[in-house]
Amino acid sequence: MAAAAGSRTSRLEVRLVRRGFTDPEAAVRLLAGPALNGLAADPVLLDALGASPDPDLALFGLSRLLEALDEPERHTLRDTLTGSKPLRDRLLGVLGASAALGDHLARHPRDWHALVTFELRDIHPGPQDFLRQLSDRVWRNGATDITSRADALRIAYRRCLLAIAARDLSGTTDLPQASAELADLAGATLQTALDIAAEEDPQAARACRLAVIGMGKCGGRELNYVSDVDVIYVAEPREGVDENRALQAATRLAARMMRLCSDTTGEGAIWPVDANLRPEGRNGPLVRTLASHLAYYQRWAKTWEFQALLKARPVAGDPELGAAYTEATAPLVWHAAERENFVADVQQMRRRVLDSIPATELDRQLKLGPGGLRDVEFAVQLLQLVHGRADDSLHSGNTLEALAALSAGGYVGRADAASLEAAYRFLRALEHRIQLHRLRRTHLMPKDESDLRRLARSLADAINDDTRADPVAALQREWKRHAVEVRRLHEKLFYRPLLDAVAELPAGDVRLSPEAAKARLVALGYADPATALRHLTALAAGVSRKAAIQRTLLPVLLGWFADSADPDAGLLNFRQVSDALGRTPWYLRLLRDESAAAEQLARVLSAGRLAPDLLLRAPEAVAMLGDPQGLVPRGRAALESEILAAVGRAGSAEAGVASARSVRRRELFRTAAADVLGRFSDDPGEVVDVAGEALTALNAATLQGALRACIAEWEAENGELPTRLAVIAMGRFGGHELGYGSDADVLFVHDPLLGVLEHDAARAAHAVCNRLRTLLAAPSTEPPLLVDADLRPEGRQGPLVRTLASYQAYYRRWSHAWESQALLRAEPVAGDAELAERFRVLIDPLRYPGTGVPEKDLLEIRRIKARIESERLPRGADPTTHTKIGRGGLADVEWTVQLLQLQHGHELPELRTTRTRRALAAARGAGLVTAEDAAVLDAAWVLASRVRSAVMLVRGRAGDSFPGDGRELAGVARYLGYGSGHTGELVDSYRRTTRRARSVVERLFYGP
């Protein structure tokens, strides 16, 4: 007998495993228990259990439910369960998907009747009195452990929730309908809680009219199973009641209503009621009058608050007041797109949401992550707000309804709308199933294999793949497929219809009207939408392969342009580059196949004028963006080798220098593009150092090549050059601190060959150096390199080139303190290396005097500095924002550091450097400057240097002050890491940083 029983048990376990049970031994024990005794032999029931999302969980829940019923009720349920397929599907579907609802049925077992008789038409489409009546019945007929109306409300709520979940899981209702019913149930719950609060405080109820406005998913009738219910309260005094008294009364009612829903005692919380979307958020009053709401929205509200109001809907309380609220706020919502920086504000809010996600959750976020539900909602709401001003059909708070209206109106293509709807439905269904299990608010994909298996089985009908072999893998593939599609469409939706409006596409495709296209461009931040449309027409119209690829690229590119300070310039520059390279096979293929290259190009083209101007002179440099090493600045040796080789192949000095300038232009673009794209470093100081080093190496190599070309020309005409030449870099050039707009400050030194008359040598040297300067600055398609020799002895009045002996004589007899200071930055960069080294030996005693700085020289240096500050600041310039000679600017820091070098360089070798930051660090290490003072000076110098570079990158011409034009200033701010609308913060930060630096300079440089 035992063997026979064991055999039967074994066969039953095999049948259970085939039906999807993962713990057949536990299942056999439950089936043999008194509650389920006899049902184990019912193959229909076993099949139904096997079809549930989690057969083990469903069987466990069913066993608990039957055990909780008395014998007559248990018999009734068993008979109904075996004889009624609708009940069987609903009950086992719930028990197999939701452990929390299984717990509810175990506590309140008679609620299984709701799955047989309950229909939600009782609360659909409006809550009204249904839930109130239901909770009253629970309260009157409840068990002895129901001690409060609040518990009765919670039990009634979960009975309704049980019925919604059963219909949802059994497929007798679709996702939008289930979400709408959940929202209506939330409204009914709020209304009943408000009624209870009014009964508890009748004096407050007589003093005010209170309306509850549903926001978010509740307002849009697309609520989750577990979600904060977002609300806003609006109140008005009843006749004869003082407004303050009425608002106090309304606040008491609203607060009590929130506690009734959120309190975790007794039957537990229903859900939190969140009123933080109200004006001023949690810092504002809980309840306001309608007039107070309107005053706030008209004067103080931010863009996101109008976006939130798009879903506002009265859900409880005084219906007339609720309707008045939505009627009064609607015009504000549908004109929000006219606000300055509207699209930028919306996009920035989306970026903030992404940035707020912990890195460990980013890949599991269904709601907030890339390709998640929020991407769909943001794209739809953005389109609604832009086009809803002129199209009332878009005025819906429901995402799927709004998406359908956008498609019908031609604002979104039909195929895109269908794809987005399918993805949204799947992601919402997945979110619902995750929340149902424990009735907990979560938007994260679970990690546990059993949880994933349950989800996959519950969504089998929505998954394209066959889930029988590996349901978890099928679920993961489907989720990722939809997430990728959502992300693609999120980036495309706002831009692609612009192309449809101008391109010659097949008949039948929906297009924006010209007016709608212009409205969308204005919303994106394009200042000249008519011109932008002409560019799009030129790029995307036609049936050529080039036009087809452009139509694929432009939706994303337009978004990247719109994310910049000057979208118009980005689009114009892209058109010009495309016109130049559009017939080149590799160009469009690179952008189509290398998304990183396309994004980098868009960022560079819309970041300012310098990099695009350099690129447009030789568009083939776009190829750098597709090379992983393409934006790494090249070293001096490699540059010099290339330039000298090009000069050697040239037939004349003009051609040789032109070749050198061409290489310089290409490398300037490489450096500028890398800088704009943030490739150098995250540390601002290192960015300045890397860019300065790259620009210095480039100018030095160019000078070397130009000098070689000019010497070769002179020798071709006159024979061997009778002197040796060297070029000494000065100023920021010698300090390896060049900016994009810096001149090349130099000294020219020569040394006649043995037996050559000095006069002849000087004439030859002057001719070569003058020719070099002329050719490097000559008008050309290549950017000029201005060679400035004004720091030479006697300045412009002195000879352009001197012999080494002449320099020695001048410095011995006539040198001023400022010239010793200027020589601190002297460094050989081109020409004869041996002569350059002899020049360095000559000047070292001058710039690092053995006795330090005499008092008279110290006074002279301070006097010159003070005169420069008072006389050389341009008329009308703001001394607090002038980066060169303004307060705490470059000159302040550099003169302070150079004074320390003059005073202590003879005794501290580490101070003998041409680089400002390196000398400042050495002074700090030697104790000449405190660490705090050094940090203040360094920060000011780095910031001023970056502002100067940003001005050149953005404007395409050098400048020492912040631009006056708003777009240019925004571009400078964007380069420095400030988002849209935060240019004021940049200027404030600059003034604060340089003010601190000036305080240090006054102590260290000017002294007591």
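In short, a report on the structure. Position labels on residues start from 1 in each chain and follow its written sequence. It should be noted that, the model being predicted, local features are given only for residues of pLDDT at least 70 and side-chain atom pairs only at 80 or more, the latter also being counted only at that level, while totals for whole chains, interfaces and linings use all residues. To get the side-chain values, take all heavy atoms of the structure and skip hydrogens and water.

Details of the overall build of the protein chain
Spelled out, the test is: Strands are runs of DSSP state E lasting at least 2 residues, helices are runs of H or I lasting at least 4, and numbering of each runs from the N terminus. Contacts between residues were defined by any pair of non-hydrogen atoms, one from each residue, lying within 4.5 Å. With residues, only the protein chains shown are counted as cover, and all accessible areas are computed by Shrake-Rupley using a 1.4 Å probe.
Along the protein chain, the regular secondary structure elements total 45 helices and ten strands. C-alpha atoms of the protein chain, sized along the principal axes, occupy 130 × 70 × 65 Å. Long-range contacts, defined here as pairs at least 24 residues apart, represent 73% of the contacts in the protein chain between residues at least 6 apart. In the structure as shown, the protein chain presents an accessible area of about 42000 Å², 50% of it carried by carbon and sulfur atoms.

Quick notes on the packing of helix 6 (residues 85–97) against helix 7 (residues 99–107)
For any two helices packed against each other, one specifies the crossing angle of their axes together with the interaxial distance. To be explicit about the condition: Fitting a line to C-alpha atoms yields each axis, with helices limited to the stretch in contact; the angle taken between N-to-C directions then spans 0 to 180 degrees. For this classification, under 35 degrees means roughly parallel, over 145 means roughly antiparallel, 65 to 115 means roughly perpendicular, and everything else is oblique. Under this grouping Gly is polar, as are all residues other than the nonpolar Ala, Val, Leu, Ile, Met, Phe, Trp, Tyr, Cys and Pro and the charged Asp, Glu, Lys and Arg.
Where helix 6 meets helix 7, the axes come as close as 5 Å, and the angle between the chain directions of the two elements is 120 degrees. Of the possible angle classes, the one that applies to helix 6 and helix 7 is oblique. Where helix 6 approaches helix 7, its residues Leu-91, Val-94, Leu-95 and Ala-97 are matched on the opposing element by Ala-99, Leu-101, Gly-102 and Leu-105. Residues of the contact of helix 6 with helix 7, tallied by class, amount to seven nonpolar, one polar and no charged.

Looking at the packing of helix 41 (residues 890–904) against helix 43 (residues 931–955)
Applied cut-off: A clockwise turn of the near helix away from the far one marks a right-handed crossing, whereas an anticlockwise turn of less than a right angle marks a left-handed crossing.
In contact at an axis separation of 9 Å, helix 41 and helix 43 are set at 135 degrees when each is read in the N-to-C sense. Here helix 41 is positioned oblique relative to helix 43, judged by the angle of their axes. Considering how the two elements wind past one another, helix 41 and helix 43 form a crossing that is left-handed. Here Leu-890, Val-893, Glu-894 and Thr-896 of helix 41 come into contact with helix 43, specifically with Leu-937, Ala-940, Trp-941, Ala-944, Ser-945 and Arg-948. Classifying every residue of the contact of helix 41 with helix 43 by side-chain character gives six nonpolar, two polar and two charged.

Thoughts on the pairing of strand 7 (residues 744–752)
Here is the rule: Accessibility here uses a 1.4 Å probe with only protein chains present; expressed as a share of the type maximum, an area under 20% marks a residue as buried, one over 50% as exposed, and anything in between as partly exposed. Strands pair, by our definition, only if DSSP identifies at least two bridges between them. With the strands pointing away from the viewer, any crossover whose connection runs clockwise from the first strand over the helix to the second is right-handed.
The buried fraction of strand 7 is high, at seven of nine residues. Pairing geometry for strand 6 (residues 723–729) and strand 7, over seven bridges, is antiparallel. Within strand 7, the residue paired with Val-727 across the bridge is Phe-748. When strand 7 meets strand 8 (residues 787–788), the two strands line up parallel, connected through two bridges. By the bridge assignment for strand 8, Asp-745 is matched with Asp-788. Each parallel crossover has a hand, and the one from strand 7 via helix 36 (residues 758–777) to strand 8 is right-handed. Pairing between strand 7 and strand 9 (residues 801–803): three bridges, direction parallel. Looking at the pairing, His-750 lines up with Thr-803 of strand 9.

Remarks on the pattern of salt bridges
To keep it simple, the criterion reads: Whenever Lys or Arg places a side-chain nitrogen within 4 Å of a carboxyl oxygen from Asp or Glu, that contact is recorded as a salt bridge.
Counted by the stated rule, this structure contains 67 salt bridges. With a shortest N-O distance of 3.0 Å, Arg-425 and Glu-421 are connected by a salt bridge. You can see Arg-425 and its partner Glu-421 sitting in helix 21 (residues 414–438), four residues apart, about one turn around the helix. Looking at Arg-425, the relative accessible area reads 29%, which means it is partly exposed. Exposure remark for Glu-421: the relative accessible area of 29% places this residue in the partly exposed category. Between Asp-451 and Arg-454 there is a salt bridge, with its nearest N and O atoms 2.9 Å apart. Placement of the pair is Asp-451 and Arg-454 together in helix 22 (residues 449–458), with a separation of three residues, close to one helical turn. Arg-454 gets classed as buried once you look at its relative accessible area, which sits at 6%. Among the charged side chains, a salt-bridge network with shared partners connects Arg-634, Glu-642, Arg-666, Glu-667 and Arg-670.

Thoughts on helix 5 (residues 71–83)
Stated formally: Here a helix's expected span is defined as the number of its residues, less one, multiplied by 1.5 Å. Along the arc lie the directions from the helix axis toward the C-beta atoms. Two N or O atoms form a polar contact when they lie within 3.5 Å of each other; inside protein one atom must be a possible hydrogen donor and the other a possible acceptor, and for residues adjacent in sequence the pair counts only when both atoms belong to side chains.
With 13 residues, helix 5 ought to run about 18 Å at 1.5 Å a step, and its terminal C-alpha atoms sit 18 Å apart, in line with that. Glu-73, Arg-74, Leu-77 and Leu-81 are the residues of helix 5 that are buried. Take helix 5 and look down its axis: the buried residues cluster within an arc of 100 degrees, on one side only. Opposite the buried face of helix 5, by more than 90 degrees, sit the exposed residues Glu-71, Pro-72 and Gly-83. Looking at the buried positions of helix 5, the neighbouring elements they touch are helix 3 (43–51), helix 4 (55–68) and helix 6. Among the residues of helix 5, the N-terminal cap falls to Asp-70, whose side-chain oxygen and the backbone nitrogen of Glu-73 are separated by 2.9 Å.

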